[in-house]
Every structure is written in C-alpha cells, then in structure tokens.
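# Residue-level structure breakdown
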Amino acid sequence: MIKFNKPYLTGREGVFIQEAIENNRLSGNGPFTAKCQNFFEQRYGFKKTLLTQSCTSALEMAALLMECGPEDEIIIPSYTFVSTANAFALRGSKLVFADSNPYNPNIDAEKIEPLITSKTKAIVIVHYAGISCDMGKIMELAKAYNLFVIEDAAQGVDSFYRERPLGSIGHLAAFSFHETKNIISGEGGMLAINDEKFVKRAEILWEKGTNRSAFFRGEVDKYNWIDVGSSFLPSELTAAFLWAQLQELDEIQSMRKVIWNFYFESLLPLTQKGKLILPVLPEFASNNAHLFYVVTKSHEQYLALVAHLKANEIQAVFHYLSLHKSPYIVNKYGVQPELPMSDFFGSNLLRLPLYPSLTHNQQQKIVRSVLSFF
Ligand SMILES: *Cc1c(COP(=O)(O)O)cnc(C)c1O
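No experiment lies behind these values; they were computed from the predicted model shown.

Cut-offs applied
- Residues numbered from 1 in each chain as written.
- Predicted model: local features only at pLDDT ≥ 70, side-chain atom pairs only at ≥ 80, totals over all residues.
- Heavy atoms only, no water.
- Helix = DSSP H or I, 4+ residues; strand = E, 2+ residues; numbered from the N terminus.
- Rg over C-alpha atoms; globule rule 2.2 N^0.38 Å.
- Buried < 20%, exposed > 50% of the residue type's maximum accessible area, 1.4 Å probe, protein only.
- Contact = heavy atoms within 4.5 Å.
- Areas by Shrake-Rupley, 256 points an atom, 1.4 Å probe, with all protein chains shown as cover.
- Lys, Arg positive; Asp, Glu negative; His and termini not counted.
- Charge placed at Lys NZ, Arg CZ, Asp CG, Glu CD.
- Axes fitted to C-alpha atoms, helices over the stretch in contact; angles between N-to-C directions.
- Parallel < 35°, antiparallel > 145°, perpendicular 65-115°, else oblique.
- Left-handed = near helix turned anticlockwise from the far one by under 90°.
- Nonpolar A, V, L, I, M, F, W, Y, C, P; charged D, E, K, R; others polar.
- Expected span 1.5 Å × (residues − 1).
- Polar contact = N/O pair within 3.5 Å; in protein donor to acceptor, adjacent residues only side chain to side chain.
- Pairing = 2+ DSSP bridges.
- Domains from an automatic or database assignment.
- Buried area = accessible area lost by both parts, 1.4 Å probe.
- Salt bridge = Lys/Arg side-chain N within 4 Å of Asp/Glu carboxyl O.

So, about the overall build of the protein chain. Tallying secondary structure elements over the protein chain gives 13 helices and 12 strands in all. For 374 residues, the compact-globule estimate of 2.2 N^0.38 gives 21 Å, and the protein chain sits close to it at 21 Å. Considered along the principal axes of its C-alpha atoms, the protein chain spans approximately 70 × 55 × 35 Å. Counting across all 374 residues of the protein chain, residues that qualify as buried make up 57%. Here the contacts in the protein chain between residues at least 6 apart in sequence split such that 70% fall between residues at least 24 apart. Accessible area of the protein chain: about 15800 Å², with a carbon and sulfur share of 54%. A distance of 3 Å separates the average location of the 36 positive side-chain charges in the protein chain from that of its 38 negative side-chain charges.

Right, dumping it as structure tokens:
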C-alpha cells in the first residue's frame, strides 16, 4: 500500500534534541524557541512570532487577542479544518460561513461583503493547499469596514501572495507544524503577529497570563498574574526538532514541488479532455506544494476513483466536509444557507500521496492508476 502521508525527517532532529537536553533547558521559551522564531521573523518579515503547541492553539490565541465574545460575528470559510472555527466558537462568537471560489477551495472574496454586519469583528481566511487567497481584495474590505484579518496559514509556510509571504499580510496568522504539514515537529504551531499593538499582550497570554517573558529579559524583578492566558508555548524538545527541519526548508520545498509538478503535468491531459479538475493557481499565488488534489465531476465518480486507487494499493483521501452542515453547527444555529462550492469540494476533492520519500516509481504508479481509471 502506498501510504497517504509519511513524515519527512532531516536526520538531525535527534542531534538538536540531544543539545536541548544538554542545555538543561527543557521547558518552553528557551534558546531553540528563540532560534526558530528569529528564523521566521528574519526570513519572512513577520513583526513578531511565538511558537505554540499547535496551529489550533495559535488560532485560540488570535481569538483571545481580538477579545472575541458572544456579541461578535466572525466570517469564516465553510471549507476548512474545524480548528479554524473552533477557536472562535470557544469564545462564544457567532460563526458566519462563506463559500469557496468556483475555481478552488479558498474563500470567495466576492462573497464576503454581503455577510458583513455591524457585529462583524474579523474575517478569517485559509490558504488552502498553501495557495493564497485573494488578499488584495480581502484586505481592502477589511480596511473599508474596520475588521481584523486572521490568516489560517497552517498549510501556507513559505508560500506567497505576489511578493508577500503568507502569514505576513493579516493582523495575525497561525501556522502548523503537525506531522502532515511541509515543516513538522510532531505537533506544533506558531502565531505570527503583524499588528504591533498585539505583541505585548500576546507574550502574556502565551505565558499563562503572566509577565514571565519580561521577567526573563530582566525588565521586571518578579513576575505576576497580568491577564488571562494559557500554556500555549511548546517545550524546547519540540523547538529543537523544528530547528532541524528549518535547516532544510528549501530542500524540503523543492522535493515536494518536483512531485507536485510531475502529478500536474502527467494529469493535465485529463483536464484538457474535460475529465478531471486539477488545482488552479491564480496569477497572484505561488505554490509551496503542500498537497496535490484532483477534483472529480461527481461524488459517484469520486467514490469509484477512491476504490480504483485502493484496489491498486494507493491510499488517497478526502478533505473537509462543509462546516456549515456539521452536526455541531446545525444543532447550534439550525440549517444554514447553502454554500454550493464548499459542498462541491467536500464531495469531490481527493488528495494524492505527496511527501519527499515518495519514490518516482510510486509517483508513476499513482499517475498510471489515475489515468487508467479514465
Ligand atoms: C492542519 C490544520 C490546522 C490545525 O493544525 P494543528 O497544528 O494540528 O492544530 C488548522 N487549519 C488548517 C487549515 C489546517 O490544515
């Protein structure tokens, strides 16, 4: 069976974890955390970054920083992972779901404006497959209506909107280093803060509501309880693992892009014959080869293709089911307005295996198998 995902290891993760052990500094906010944060701030120009336990916890920090409450509405794509929505549901905010583009699963920027009310606080967007949303249009809307923009850049590491890195455009952004992402640390994530006014409070929320970071820097002589917060920071063992991955970021990205391009070029004839839909990158978006998907014409065809690949010992998997039709949302708010494109991608989008250790033979087998189905 060709597995859907295999975590990529650089081989130096253990070396840096050993170093963290020898440093005698295992809890969070130590030297490896600082190295990783500096790497991201310098390479991508994020104003401030904080490593977190996960992208989920970075999104939860974003909701706390914006002081989201039950009186607020948050516009969010329906086609996303639950964590994007859950962070705001935890604060009691009302979720207002937006549809996907006709051409790809990202939020349709043309559909956002009619959802804005006097209660809207933020637009949360997801760069699906590491392909940028229409940030020009989204930031323009946010400015016109005085809204925050949160980028769920879980899949967006080292990808760009025009020349701007994903995660550097919204007020806040959340990244994931879960083992299924391009750069990994088992579980792990990062909050990127681009709006200066959030920086100070973010550090306090991150350290359980205390000013311990300022204490470590020698700015205060004792730390105290300042605000709400939680234990959002990862241990140095996690940061040491991540540091090994960051050393090979360029190599990892190019290995993934080679596979992505092979799939795309090999399957393009199916698109030209109108049999299958391939990923569409708008002119403003770069590709970080986070995942490769195909979209079938119908759910029946999708099921048959999955079964065909399985019979050929290839594990291909679906992605998100529309959140606006999830049991949690329907129980809480009742039946929601139809979002046909989100449902369409939920029924028909299939992800193929993509990881650096996928051999060329395996890639050829997968392509042959898809071609033979049609
Ligand atoms: C993976 C993912 C998350 C969750 O990331 P964790 O680090 O596992 O919390 C959130 N949003 C999107 C779009 C994701 O792909």
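Not every positive phi belongs to a glycine, and Glu67 is a case in point at roughly 55°. Tracing the backbone shows Glu67 in the loop between α3 (55-65) and β2 (73-77). In this structure, Ala129 takes a positive phi of about 60° despite not being glycine. Relative to the elements of secondary structure, Ala129 occurs in the loop between β4 (120-126) and α5 (135-145).

Packing of helix α9 (residues 249-272) against helix α13 (residues 360-373) brings their axes to within 10 Å, and their N-to-C directions diverge by 20°. The angle between the axes of α9 and α13 places the two elements in the roughly parallel class. Crossing handedness for the pair α9 and α13: right-handed. From α9, Ile259, Phe262, Tyr263, Ser266, Leu267 and Leu270 reach across to α13, where they touch His360, Gln363, Gln364, Ile366, Val367, Val370 and Leu371. In terms of residue class, the contact of α9 with α13 is built from 9 nonpolar, 4 polar and no charged.

Once that is clear, we can look at helix α8 (residues 236-247). For α8, spanning 12 residues, the distance from its first C-alpha to its last is 17 Å, which sits close to the expected 16 Å at 1.5 Å a residue. For α8, a buried count of 9 out of 12 residues is recorded, marking the element as mostly surrounded by other parts of the structure. Taken residue by residue, α8 has Glu236, Ala239, Ala240, Phe241, Leu242, Trp243, Ala244, Gln245 and Leu246 as its buried positions. Of the surrounding secondary structure, the elements contacted by the buried residues of α8 are α1 (13-22), α2 (31-44), β1 (48-52) and α9. Looking at where α8 begins, the residue whose side-chain oxygen comes 3.0 Å from the main-chain nitrogen of Leu237 is Ser235.

Before going further, it helps to spend a moment on the side chain of Glu207. By secondary structure assignment, the location of Glu207 is in the loop between α6 (199-206) and α7 (212-216). Only 3.4 Å separates the side chain of Glu207 from the side chain of Asn29, close enough to count as a polar contact.

A separate point is the sheet that holds strand β10 (residues 292-295). If you trace the 3 strands from one edge of the open sheet to the other, you get β10-β12-β11, paired in antiparallel fashion. Edge positions in the sheet fall to β10 and β11 (317-318), since each has one partner strand and no second. Two elements, β10 and strand β12 (residues 349-352), share 4 bridges in a ladder whose sense is antiparallel. Looking at β12, one finds that Val295 is bridged to Leu349. Of the strands in this sheet, β10, β11 and β12 touch helix α10 (residues 299-311), which is tilted by about 20° from β12. Most of the contacts of helix α12 (residues 340-348) go to β12, to which it runs at about 45°, and overall it touches β10 and β12.

By domain assignment, the protein chain separates into domain 1 (13-246) and domain 2 (249-373). Between the C-alpha centres of domain 1 and domain 2 the distance comes to 26 Å. Counting from both sides, the interface comprises 44 residues of domain 1 and, opposite them, 36 residues of domain 2. In total, about 3400 Å² of surface goes out of reach between domain 1 and domain 2, with carbon and sulfur atoms giving 58% of it. Area buried by domain 1 at its contact with domain 2 is led by Tyr79, Phe97 and Asn182, which between them contribute 19% of it. Linking domain 1 to domain 2 there are 2 salt bridges. One salt bridge connects Asp250 with Arg43, and the closest N-O pair in it is separated by 2.7 Å. Across the domain 1-domain 2 interface, the total number found is 24 residue pairs in polar contact (both at pLDDT 80 or more). Contributions of two or more residues to the side of domain 1 that touches domain 2 are made by α2, α4 (82-89), β3 (94-98), β6 (160-161) and α8.

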